[in-house]
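Below, each chain spelled out in residue letters.
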Amino acid sequence: MKLLVAVLLLLISLATPVIAQKTSPDPGAEVYAVYSALIREYIGARQDRTPNLVIETETTDYPHLGGTRIEDCVKPEAGEEAQFEAMIRDYKAANKTPDTLKDKFDLPYKYQLVSRSLISTIFIDKQVDGWKAFYDKYPNSDGYLDMSAVAFSPDRTIALVYLGHHCGWLCGDGTYHIMRKEDGKWTRSIWSRCDWVS
């Protein structure tokens, strides 16, 4: 009898359908979807002169010039105050230390990740024009981009990210960007009230 029960239990367990585990989306994929959408919108019409995009490997934060606070730069729309408060808190935490970007961008043109230390070494020699040396090493790059870590609202429909563009001694800009996810796609909604321009 015990043998019959054991055989029945074994058959039942083999006949029970395996329930597939629900997999959650890769949070890293959303981060690179935000980066890629922002870069595509930022480059925009400049795409023809940027066939060799250079992206600094390490994340960075907005250069808080003059004691600028993120709360003064990024303002929510009515009814989004709690979402923005949580997102800004996460942004500050995510950007306390640099993170390393990976080769996961979805862009319609070539790009390369270059470390901050390698970019810095180009500008060390004061006898050489650093930007000329940069463009000799990275022709057709239109300079380089640096970006912060991405922070999301609790419902993951709004993202906050800083993007800086460095292209010459008196050429460059940077600001915070608010991205919104609508119909499964990230688009730039607004940029902040704070930006730097050179």
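This text goes with the structure placed above it.
Residues numbered from 1 in each chain as written. Predicted model: local features only at pLDDT ≥ 70, side-chain atom pairs only at ≥ 80, totals over all residues. Heavy atoms only, no water.

(A) Layout of the pattern of salt bridges. The full count for this structure, using the stated rule, is 10 salt bridges. Of the charged contacts, one joins Glu71 and Arg69 as a salt bridge, the two residues approaching to 3.7 Å between their closest N and O atoms. Owing to a relative accessible area of 24%, Glu71 belongs among the partly exposed residues under this scheme. Residue Glu77 pairs with Arg180 through a salt bridge whose shortest N-O separation is 3.6 Å. Within this pair, whereas Glu77 is found in the loop between α3 (70–73) and α4 (81–94), its partner Arg180 is found in strand β6 (residues 171–182), the two being separated by 103 residues in sequence. Using a relative accessible area of 11% as the deciding quantity, one classes Arg180 as buried. (Salt bridge = Lys/Arg side-chain N within 4 Å of Asp/Glu carboxyl O. Buried < 20%, exposed > 50% of the residue type's maximum accessible area, 1.4 Å probe, protein only. Helix = DSSP H or I, 4+ residues; strand = E, 2+ residues; numbered from the N terminus.)

(B) Representation of unusual backbone geometry in the model. Located in the positive-phi region is Asn140, a residue other than glycine, with phi close to 60°. Mapping Asn140 onto the fold places it in the loop between α6 (130–137) and β3 (144–147). For Asn140, a relative accessible area of 54% puts it in the exposed group. Positioned with a positive phi, Arg156 is a non-glycine residue whose angle comes to about 60°. For Arg156, the position within the fold is in the loop between β4 (151–152) and β5 (158–168).

As far as function goes, none of this settles anything; it's purely spatial.
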